[in-house]
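Summary of structural features
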Amino acid sequence: MYAYRCEQCRTTSPAVVTRHGLDEERSKHRNLFHGGHVPDGEQVMEPERFSVFDVPREQWIVGGIMMLVIVFGLFYRFG
């Protein structure tokens with residue numbers, strides 16, 4: 001989720017899912033409150049990058065079991 005932050009107004013936009021939505025929020029704010037100009041200190045807050053290590057151990061275990069079931073099923077069917 002992306003958010004636009006204006007340090008001059010001390011406001012943060014609602015979170016949006018896409019960069020296009022973020023650009024719309026930024027344009028609306030600039031036009032309404034700053035006459036279309038770029039305010040000093042504006043920020044784009046982006047989500048942190050996904051890391052494989054953020055996945056809980058339980059999901060790794062269940063995923064591994066599911067992969068084993070699929071592989072054994074394929075060997076049983078075609079082997």
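Residues numbered from 1 in each chain as written. Predicted model: local features only at pLDDT ≥ 70, side-chain atom pairs only at ≥ 80, totals over all residues. Heavy atoms only, no water.

With respect to unusual backbone geometry
- Look at Arg10: it is not a glycine, yet its phi comes out positive at around 55 degrees.
- Following the sequence through the fold, Arg10 ends up in the loop between strand S1 (3-6) and strand S2 (11-12).
- Exposure remark for Arg10: the relative accessible area of 61% places this residue in the exposed category. (Helix = DSSP H or I, 4+ residues; strand = E, 2+ residues; numbered from the N terminus. Buried < 20%, exposed > 50% of the residue type's maximum accessible area, 1.4 Å probe, protein only.)

Description of the confidence of the model for the chain
- Averaged over every residue, the pLDDT of the chain is 92; the share at 70 or more is 100%.
- Taken element by element, the predicted model of the chain shows its lowest mean pLDDT in strand S3 (residues 43-45) (91) and its highest in helix H2 (residues 57-78) (95). (pLDDT = per-residue confidence, 0-100.)

A closer look at the sheet that holds S3
- Read from one edge to the other, the open sheet built from 3 strands follows the order S2-S1-S3, with strand pairing classed as antiparallel. At either end of the open sheet lies a strand with only one pairing partner, and these are S2 and S3.
- Inspection of the sheet shows S1 paired to S3 by 3 bridges, in the antiparallel sense. Directly across from Arg5, in S3, lies its bridge partner Gln43.
- Across the face of the sheet, helix H1 (residues 19-34) comes into contact with S1, S2 and S3 while running at roughly 25 degrees to S1. (Pairing = 2+ DSSP bridges. Contact = heavy atoms within 4.5 Å. Axes fitted to C-alpha atoms, helices over the stretch in contact; angles between N-to-C directions.)

Things to note about the state of the cysteines
- As enumerated under the stated definition, the model contains 0 disulfides in all.
- A disulfide-free cysteine, Cys6 has its sulfur positioned 3.8 Å from the sulfur of Cys9, the nearest such atom.
- Given the relative accessible area of 0%, Cys6 is considered buried.
- Using a relative accessible area of 31% as the deciding quantity, one classes Cys9 as partly exposed. (Disulfide = S-S within 2.5 Å.)

A short note on a nonpolar patch on the surface
- A grouping of Met67, Ile70, Leu74 and Phe78 is seen on the molecular surface, where their side chains present a nonpolar patch of about 460 Å² in accessible area.
- Looking at the element boundaries, Ile70 is found in helix H2.
- Given a relative accessible area of 47%, Ile70 falls into the partly exposed group. (Patch = residues over 30% accessible without salt bridge, like charges linked within 9 Å, V, L, I, M, F, W, Y side chains within 5 Å. Areas by Shrake-Rupley, 256 points an atom, 1.4 Å probe, with all protein chains shown as cover. Salt bridge = Lys/Arg side-chain N within 4 Å of Asp/Glu carboxyl O.)

Quick notes on the pattern of salt bridges
- Scanning the model with the defined rule gives 5 salt bridges in all.
- Linking Arg10 and Glu7 is a salt bridge whose minimum nitrogen-to-oxygen distance equals 3.6 Å.
- The residue Arg19 makes a salt bridge to Glu46 at a minimum N-O spacing of 3.4 Å. Placement of Arg19 in helix H1 and of Glu46 in the loop between S3 and H2 is noted, with a sequence separation of 27 residues between them.
- The exposure class assigned to Glu46 is exposed, which follows from its relative accessible area of 52%.

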